[in-house]
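# Topology and contacts: notes
For reference, the chains in residue letters:
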Amino acid sequence: MTTRTAPGLPARQSDRASFAHGSDVAIDPSTAGYRALALQVRAMGLLDRRPGYYRLKIALTIFVFFAGWALFVMAGDSWTAIAVAPLMGMMFTQLGFIGHDAGHNQVLRTRRRNRLLGFAVGNVLTGLSFGWWVPKHNAHHAHPNELGRDPDIGEGPAAPSPDAPGKGPGPLASWLARWQAPLFFPLMLLRSSGMHVLGIQRLARRRDRAAAVEASLIVLHAALYLTVVLWVLSPLKALAFVALQQGVFSVYLGISFAPNHKGMPVIESGTAAGFARRQVVTARNIRGGPLTTFMLGGLNYQIEHHLFPSMPRPNLRRVQGLVREFCAAAGLGYSEESFVESFRQITRHLSDAGRRPAAALTDPPPG
């Protein structure tokens, strides 16, 4: 299936896309349709919490998480224990998906309870700052793929826009931009490390009580994690375990989030367009059944998730048909690809961007 784009957006994904002047209207024509859709979705109860689902999901995920650590301890100081590292990397990501749902208030009824759940699975069990990630991710949802406003395309050594003030990109940024396609997967190995560092940097800058509590939880995670690993393994084996576990965690996170928006149209800053149009034309769904949904934490329904961020994960599949009908009626593209095809599009997009002159590159590095 080929990616389709909304009117006013170029069809080629290798070009930086922006909304044509014809779409920059005071009232986006898709707005009324989205309001009607939202009322229908609410009336059907698809925004209601799913406590039974999440109780089972969280219980099973945490059970497998601790069962993995039990296997690790049972294996003892041997290279066999290293085989547990990929499982633990995958479980860190599955816990991250629960933290993602908690960050959108999908799981529990109150914001406070969702926040406590996020601290538990984020700061304590995976060592990532939930308090740093939530506002960053909310900004992404508010301005997906918008230059200067979406933090997911604003971080890293991306080359500036041709009309940006100041000098052109430096040698390192130019080199990264030129080789961004072949570096796409290798750089995924640094994803979790980058998230750890960015979260800690934000906590260090804040210096308030909430930051101190979060930092304490991350220190608790590091102490427990390193104590168990170094208690069971010799230093060399411990280093191998940590590298493999964090590498799997990073790559699994990367391949789960990258298909959502990479290679999709980029919106110029300040473009006038309605909420629904922004969410739909910048997102890509991944085709597949229950296994795909499980492995990608529900992120395969990216368009539905962006239109209804607080909708519980199991309801995204149920709303898909309504969203398709809305997109067709509103003249919006609905991009849905296989997992493999989504990465073909991404790498093709990055390759095309890397071949352009350095001064014209605006695509962010992978991550």
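As the structure is a computational prediction, the values presented were derived from the model and not from experiment.

### Re the overall build of the protein
When helices and strands are counted, the protein shows 15 helices and two strands. Expressed as a percentage of its 367 residues, the buried residues of the protein come to 50%. For the protein, the exposed area adds up to about 17000 Å²; of that, 66% sits on carbon and sulfur atoms.

### Some thoughts on the side chain of Asn114
Assignment of secondary structure puts Asn114 in helix H4 (residues 111-124). You can call Asn114 buried: its relative accessible area is 0%.

### Quick word on the environment of Leu233
Mapped onto the elements, Leu233 comes out in the loop between helix H9 (209-232) and helix H10 (235-261). Overall, Leu233 belongs to the buried group, its relative accessible area being 4%. C-alpha separation for the pair Leu233 and Ala81, spaced 152 residues apart in sequence, amounts to 8.3 Å. Setting aside its immediate chain neighbours within four residues, Leu233 contacts Phe72, Gly76, Asp77, Ser78, Ala81, Ile82, Ala238 and Phe241.

### Brief notes about helix H15 (residues 339-355)
Here H15 is 17 residues long and its end C-alpha atoms lie 25 Å apart, about the 24 Å a rise of 1.5 Å per residue gives. For H15, the full list of buried residues reads Glu341, Ser342, Phe343, Gln345, Ile346, His349, Leu350, Asp352, Ala353 and Gly354. In this fold, the buried residues of H15 make contact with helix H6 (171-178), helix H7 (180-188), H10, strand E1 (285-286) and strand E2 (336-337).

### Here we look at the packing of helix H8 (residues 191-206) against H9
Close contact between H8 and H9 brings their axes to 8 Å; oriented N to C, the two are set at 145 degrees. The handedness of the crossing between H8 and H9 is left-handed. Residues Arg202, Leu203 and Arg206 of H8 form the contact with H9, whose own contacting residues are Ala210, Ala211, Glu214, Ala215 and Ile218. Across the contact of H8 with H9, the residue classes tally to five nonpolar, no polar and three charged.

### Some points on the nonpolar core
Residues Phe65, Trp69, Phe72, Leu117, Val229, Leu233 and Phe241 are the most contacted members of the largest nonpolar core, which totals 34 residues. Sorting elements by how many residues they give to this core places helix H3 (residues 85-103) first, with seven residues. Among the nonpolar cores identified, the runner-up in size contains 21 residues, and Val41, Ala276, Leu332 and Tyr334 belong to it.

### A word on the pattern of salt bridges
Close approach of charged atoms allows side chains with opposite charge to pair. A full pass over the atoms with the stated rule returns eight salt bridges. Taking the shortest distance from any N to any O, the salt bridge between Arg313 and Asp101 comes out at 2.9 Å. One end of the pair, Arg313, is in the loop between helix H13 (302-307) and helix H14 (316-330); the other, Asp101, is in helix H3, and 212 residues separate them in sequence. Overall, the relative accessible area of 4% leaves Arg313 in the buried class. What makes Asp101 buried here is its relative accessible area of 2%. Of the charged contacts, one joins Glu214 and Arg206 as a salt bridge, the two residues approaching to 3.9 Å between their closest N and O atoms. Classification of Arg206 as partly exposed rests on a relative accessible area of 26%. Several salt bridges converge on common partners, so that one network encompasses Arg206, Asp208 and Glu214.

### Observations concerning the environment of Arg348
Along the chain, the position of Arg348 falls in helix H15. Residue classification places Arg348 among the partly exposed residues on the basis of a relative accessible area of 46%. A C-alpha to C-alpha distance of 7.7 Å links Arg348 and Ala181, two positions 167 residues apart in sequence.

### A closer look at the confidence of the model for the protein
On average, residues of the protein carry a pLDDT of 86, and 85% of them reach 70 or more. Confidence over residues 1-26 falls short of pLDDT 50; this stretch has 64 contacts with residues more than four positions distant or in other chains.

### What to know about the packing of aromatic side chains
Considering all chains together, one arrives at 19 aromatic pairs under this definition. Judged by centre distance (5.8 Å) and plane angle (85 degrees), the ring pair of Trp69 and Tyr225 falls under edge-to-face. Pair noted here: Trp69 is in helix H2 (residues 51-75) and Tyr225 is in helix H9, with a separation of 156 residues, a long-range link. Assigned by exposure class, Trp69 and Tyr225 land together as buried. Each ring, one from Phe72 and one from Phe241, has its centre 4.5 Å from the other, and the planes form 40 degrees; the classification is tilted. Taken as a pair, Phe72 in helix H2 and Phe241 in helix H10 lie far apart in primary sequence, 169 residues in all. Note on Phe241: relative accessible area 0%, which makes it buried. An aromatic cluster is present here, built from Phe65, Phe66, Trp69, Phe72, Phe92, Tyr225, Phe241 and Phe249 joined pairwise through their rings.

### Quick word on H9
If you check H9, its first and last C-alpha atoms are 35 Å apart, about what 24 residues at 1.5 Å a residue would give, namely 34 Å. Where H9 is concerned, the buried positions are Ala211, Glu214, Ile218, His221, Tyr225, Val229 and Val232. Its buried side turned inward, H9 meets H2, H3, H4, helix H5 (130-142), H8 and H10.

Rules used throughout
Residues numbered from 1 in each chain as written. Predicted model: local features only at pLDDT ≥ 70, side-chain atom pairs only at ≥ 80, totals over all residues. Heavy atoms only, no water. Helix = DSSP H or I, 4+ residues; strand = E, 2+ residues; numbered from the N terminus. Buried < 20%, exposed > 50% of the residue type's maximum accessible area, 1.4 Å probe, protein only. Areas by Shrake-Rupley, 256 points an atom, 1.4 Å probe, with all protein chains shown as cover. Contact = heavy atoms within 4.5 Å. Expected span 1.5 Å × (residues − 1). Axes fitted to C-alpha atoms, helices over the stretch in contact; angles between N-to-C directions. Left-handed = near helix turned anticlockwise from the far one by under 90°. Nonpolar A, V, L, I, M, F, W, Y, C, P; charged D, E, K, R; others polar. Core = buried A, V, L, I, M, F, W, Y, C linked by side-chain atoms within 4.5 Å. Salt bridge = Lys/Arg side-chain N within 4 Å of Asp/Glu carboxyl O. pLDDT = per-residue confidence, 0-100. Phe/Tyr/Trp six-rings, centres within 6.5 Å; stacked < 30°, edge-to-face > 60°.

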